[in-house]
Amino acid sequence: MILVNICFAFFSCLTVLMCVLVPTDTFDKSPIRKATTFDLYHDKTSPYERLLVGNASSFVASHFDTCKKTALIVTGFNQPDNHNDILTAARELAVKEYNTIVVNFATLEYFKAPQNTGFDIAGFLKYLTGIFNYDREHIILLGVSLGGQIVGVAGNFFPGIGRIIAVDPAGPFYDLFPASYRISRNSAKYVDVLHCSKAYGTLRRHIGHANYVLNGGLIQPGCPWIKPGTKRPDFDCNHLRGAYLLLASMHHCDFKFTKCPGYIEFMMGLCKNEEKLLFGMGLDIRTAPRDGSVYYYDVSQITYPFCTYRERVKPTFTGKFC
């Protein structure tokens, strides 16, 4: 048991009694749970193709292309895999010549999900790379919220993955976990992390090769404190801003964050001449910095796609490599 005092900015301190750290030799190592599914999208309109571990024909007969990079999208806790925005992201990447696979996991066990689902993803990737003799360096994992922790653990179980993009990864208690139980710089050859809503308890530590902070990383402009029609804080608006920013970077905008020692210095304009780093799939990780620096950006627009007219571009990145 761990007694944890957690202080969320602008909220009261909570004392939480937990039994959550499950040793890695006792978590569920059964075959991949039926509740964890892997659906391949290969263009903008066709239905997905479900890939089944242990069923080689589901892979061989699919549109999986060994000349394309592979992007796995992992959603947040209890986020349905058929949500329109998730499907939009999947199809946008498919159009840009990626094998795009949406991972859906169904669980009520919040703290066990990264270990169990991460293990499922690792098993899936082992099977996929074995069937196609596919280089794991061409694999990119995209995780949102709890999915950001799941992809990190998947990378820990299946070392050598090319890249992980974690969007506002879940933070309650995960800041306290050892690296093997969460996302870390060791989870892939390149790990970039975007922070949006630390005020609501998401991951506070900067643990990526590159760390992006949007609008200070605490709350987001245009998001109400209280969710309309409820008495609850509007967590979703702040927390999911990063997911929509990633989607906008695929289709509409170039978001270039500025290296700076802190947000106050950034706001004071002391870092205008510092290095700029592109956020999103268009970043060339072969030449990108890997020193764990922090990069800041303030959006001036509060509605999608969040970029100004000058930032409007048609991103030209592609997953095709042969």
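Since this is a predicted model, take the numbers as computed values, not measurements. (Residues numbered from 1 in each chain as written. Predicted model: local features only at pLDDT ≥ 70, side-chain atom pairs only at ≥ 80, totals over all residues. Heavy atoms only, no water.)

Draft legend 1. Up close: the overall build of the protein. Scanning the protein for helices and strands turns up seven helices and 13 strands. Within the protein, the proportion of its 322 residues that are buried is 53%. Nonlocal contacts in the protein, meaning residues at least 24 apart in sequence, comprise 68% of its contacts between residues at least 6 apart. Summed over all atoms, the accessible surface of the protein reaches about 14,600 Å², with 56% contributed by carbon and sulfur. (Helix = DSSP H or I, 4+ residues; strand = E, 2+ residues; numbered from the N terminus. Buried < 20%, exposed > 50% of the residue type's maximum accessible area, 1.4 Å probe, protein only. Contact = heavy atoms within 4.5 Å. Areas by Shrake-Rupley, 256 points an atom, 1.4 Å probe, with all protein chains shown as cover.)

Draft legend 2. Spatial organisation of the side chain of S58. Residue placement: S58 occurs in helix α1 (residues 56-60). At 2.7 Å, the side chain of S58 forms a polar contact with the backbone oxygen of N55. (Polar contact = N/O pair within 3.5 Å; in protein donor to acceptor, adjacent residues only side chain to side chain.)

Draft legend 3. Representation of the pairing of strand β7 (residues 139-144) in the model. With six of six residues buried, β7 lies mostly within the body of the structure. Residues of β7 alternate between two faces, with I139, L141 and G143 on one and I140, L142 and V144 on the opposite face, all of them buried. Pairing of strand β5 (residues 69-74) with β7, which is carried by five bridges, proceeds in the parallel orientation. Each bridged residue has a counterpart across the sheet, and for V74 the counterpart in β7 is G143. (Pairing = 2+ DSSP bridges.)

Draft legend 4. Region of interest: the state of the cysteines. Taken as a whole and judged by the stated rule, the model has four disulfides. Covalent S-S linkage joins C67 and C322, the inter-sulfur distance amounting to 2.0 Å. As the torsion about the S-S bond is roughly -110°, the C67-C322 disulfide counts as left-handed. With C67 in the loop between α1 and β5 and C322 in the segment after β13 (293-297), this pair connects stretches of sequence that are 255 residues apart. Exposure remark for C67: the relative accessible area of 21% places this residue in the partly exposed category. According to the relative accessible area criterion, C322 is exposed, its value standing at 52%. Note that C253 is cross-linked by a disulfide to C307, the S-S spacing being 2.0 Å. (Disulfide = S-S within 2.5 Å.)

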